[in-house]
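Next come the chains, spelled out residue by residue.
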Amino acid sequence: MAADVEGWSFCGSRLWDANLTWYADTPQFPRCFERTVLAWVPCVFLWVLAPVETHFIIRSHDRDVPWSWVNVSKLAGSLVLLMLQLIDFFHALYQWMVGEPVYGVHFVTPAFLFVSLFLQFSLVIVERKRGFQSSGYLFLFWVLAVACFLPEFLSHIYAGPHQEGEGVSFGTFMVFYPLTVLMLVFNCFGDAPPRYVHYPQSQKSCPETGASFLSKLTFSWMDSLIWKGYKQPLENSDLWDLSYENSSSTIVANWNKNWKKVSAKSYR
């Protein structure tokens, strides 16, 4: 009962309605649930793991990924998404000023999405400068966004553009969701190699180094080698050089560093 009261005061409707979700011919989530819980899940994920991503950014020794269609598209898409949240926020403000019924969710959710998208926009810029070719953290954020905003997109499709008091919201969301899907597609690709790297370049560098997070997850960066091995027997000349982090010079250096620490403790 308390959750229903809070939902009514914050959204103008119930937070949860089993009759709408479970006992209906076309099951849907309540609009309040879509605009709060589902809309906030990707944002919370982004903010909770931001310190971890910041740690990896600070530790990165590479620099300056050149501008390409991948990072430019990410920034352009982020700017449009930010503008859509501003439109929703100021439209709600206008409705409140003229005396139309407006609830807290109409201000809080666009504001929360705006600051979260701005964080994502900032990370794209910073990671480009710090030599990141792909970010699993941002890829997972967009996966969550596509999954969590899908129910609201379907609700808008079912209800149509003539929803009472939600004409502007319908229009902005019809642009917002397809663009969110497009942002996920952009994050499926790895960016260009950074101009300055902290390791010596090899003539036959391993493609895993510059592969996107999705490519590493699915091992698709190995497709060319697998396909070549399917057509003809592989030779030593077909293989790539070891990546820098897997080379003996790197592994032995890390081993000796940690071994000295452990040895020093054992002889105290």
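So, here's what we can say about the structure. A quick note: this is a predicted structure, and the numbers were derived from the prediction, not measured. (Residues numbered from 1 in each chain as written. Predicted model: local features only at pLDDT ≥ 70, side-chain atom pairs only at ≥ 80, totals over all residues. Heavy atoms only, no water.)

## Let's talk about the packing of helix α3 (residues 31-48) against helix α7 (residues 136-159)
- Packing of α3 against α7 brings their axes to within 9 Å, and their N-to-C directions diverge by 175°. When the axes of α3 and α7 are compared, the pair comes out roughly antiparallel. Residues R31, E34, R35, L38, A39, V41, P42, C43, F45, L46 and W47 of α3 touch α7, and the partners they reach there are Y137, L138, L140, F141, L144, A145, C148, F149, P151, E152, S155 and H156. (Axes fitted to C-alpha atoms, helices over the stretch in contact; angles between N-to-C directions. Helix = DSSP H or I, 4+ residues; strand = E, 2+ residues; numbered from the N terminus. Parallel < 35°, antiparallel > 145°, perpendicular 65-115°, else oblique. Contact = heavy atoms within 4.5 Å.)

## Observations concerning the packing of α7 against helix α8 (residues 167-186)
- Here α7 crosses α8 at 145°, and the two axes come no closer than 9 Å. As α7 runs across α8, the sense of the crossing is left-handed. For the pair α7 and α8, the contacting residues are F139, W142, V143, A145, V146, F149, L150, E152, F153, H156 and I157 in the first and S169, F170, F173, M174, F176, Y177, P178, T180, V181, M183 and L184 in the second.
- Along the lines of polarity and charge, the residues of the contact of α7 with α8 split into 18 nonpolar, three polar and one charged. (Left-handed = near helix turned anticlockwise from the far one by under 90°. Nonpolar A, V, L, I, M, F, W, Y, C, P; charged D, E, K, R; others polar.)

## Remarks on empty space enclosed by the protein
- All told, the structure shown has two cavities of 30 Å³ or more when counted by the stated rule.
- Volume-wise, the largest cavity comes out at about 110 Å³.
- Forming the walls of the largest cavity are N71, K74, V124, E127, R128, F132, Q133, S134, S135, L138, N187 and D191.
- If you list the elements that add at least two residues to the lining of the largest cavity, you get α5 (69-97) and α6 (105-129).
- In terms of residues, the lining of the largest cavity owes the most to one element, α6, which gives three residues.
- Roughly 30 Å³ of volume is contained in the second largest cavity.
- Together, C43, L113, L117, F141, W142, A145, F149 and F176 line the second largest cavity.
- Broken down by secondary-structure element, the contributors of at least two residues to the lining of the second largest cavity are α6 and α7.
- Ranked by residue count, the leading element in the lining of the second largest cavity is α7, at four residues. (1 Å grid on protein atoms, 1.4 Å probe; cavity = no way out; pocket = protein on both sides within 12 Å on 5 of 7 lines; lining within 4 Å. Points joined across faces, edges and corners; volume = space filled by probe spheres on them.)

## Looking at the packing of aromatic side chains
- Here the structure, examined in full by the defined rule, presents 21 aromatic pairs.
- The interplanar angle of 75° and the centroid separation of 6.3 Å between the aromatic rings of W69 and F186 together place this pair among those described as edge-to-face. You can see W69 sitting in helix α5 and its partner F186 sitting in helix α8, a full 117 residues away along the chain.
- Following the ring pairs from residue to residue traces out a cluster consisting of F149, F153, F173, F176 and Y177. (Phe/Tyr/Trp six-rings, centres within 6.5 Å; stacked < 30°, edge-to-face > 60°.)

## Some details on the layout of surface pockets
- There is about 830 Å³ of room inside the largest pocket.
- As for the largest pocket, its lining consists of 26 residues, and the residues nearest its centre are S60, D62, F132, H198 and E245.
- Where the lining of the largest pocket is concerned, the elements lending two or more residues are α4 (50-59), α7 and α9 (213-218).
- Split by residue class, the lining of the largest pocket holds eight nonpolar, eleven polar and seven charged.

## A short note on the pattern of salt bridges
- Applying the stated criterion across every chain yields a total of five salt bridges.
- Linking D64 and R195 is a salt bridge whose minimum nitrogen-to-oxygen distance equals 3.0 Å. Of this pair, D64 sits in the loop between α4 and α5 while R195 sits in the loop between α8 and α9; the two residues are 131 residues apart in sequence, bridging distant segments of the chain.
- When its relative accessible area of 52% is taken as the criterion, R195 is described as exposed.
- We note a salt bridge from K228 to D238, for which the minimum N-O separation is 2.9 Å. With K228 in helix α10 (residues 223-231) and D238 in the loop between α10 and α11 (248-266), the pair connects residues that are ten residues apart, well separated along the chain.
- The exposure class assigned to D238 is buried, which follows from its relative accessible area of 13%. (Salt bridge = Lys/Arg side-chain N within 4 Å of Asp/Glu carboxyl O. Buried < 20%, exposed > 50% of the residue type's maximum accessible area, 1.4 Å probe, protein only.)

## Things to note about a positive patch on the surface
- On the surface, R59, K257, K261 and K265 cluster together into a patch of positive charge.
- For the positive patch, the element with the highest residue contribution is α11, accounting for three residues.
- On the accessibility criterion, R59 (56% relative accessible area) is exposed. (Patch = residues over 30% accessible without salt bridge, like charges linked within 9 Å, V, L, I, M, F, W, Y side chains within 5 Å. Areas by Shrake-Rupley, 256 points an atom, 1.4 Å probe, with all protein chains shown as cover. Lys, Arg positive; Asp, Glu negative; His and termini not counted. Charge placed at Lys NZ, Arg CZ, Asp CG, Glu CD.)

## What to know about α4
- Listed as buried for α4 are A50, E53 and I57. Along the axis of α4, the buried positions cluster into a sector of 65°, meaning they face one direction only. Pointing more than 90 degrees away from the buried face of α4 are the exposed residues P51, I58 and R59.
- Residues of α4 that are buried make contact with α3, α6 and α7. (Arc of directions from axis to C-beta.)

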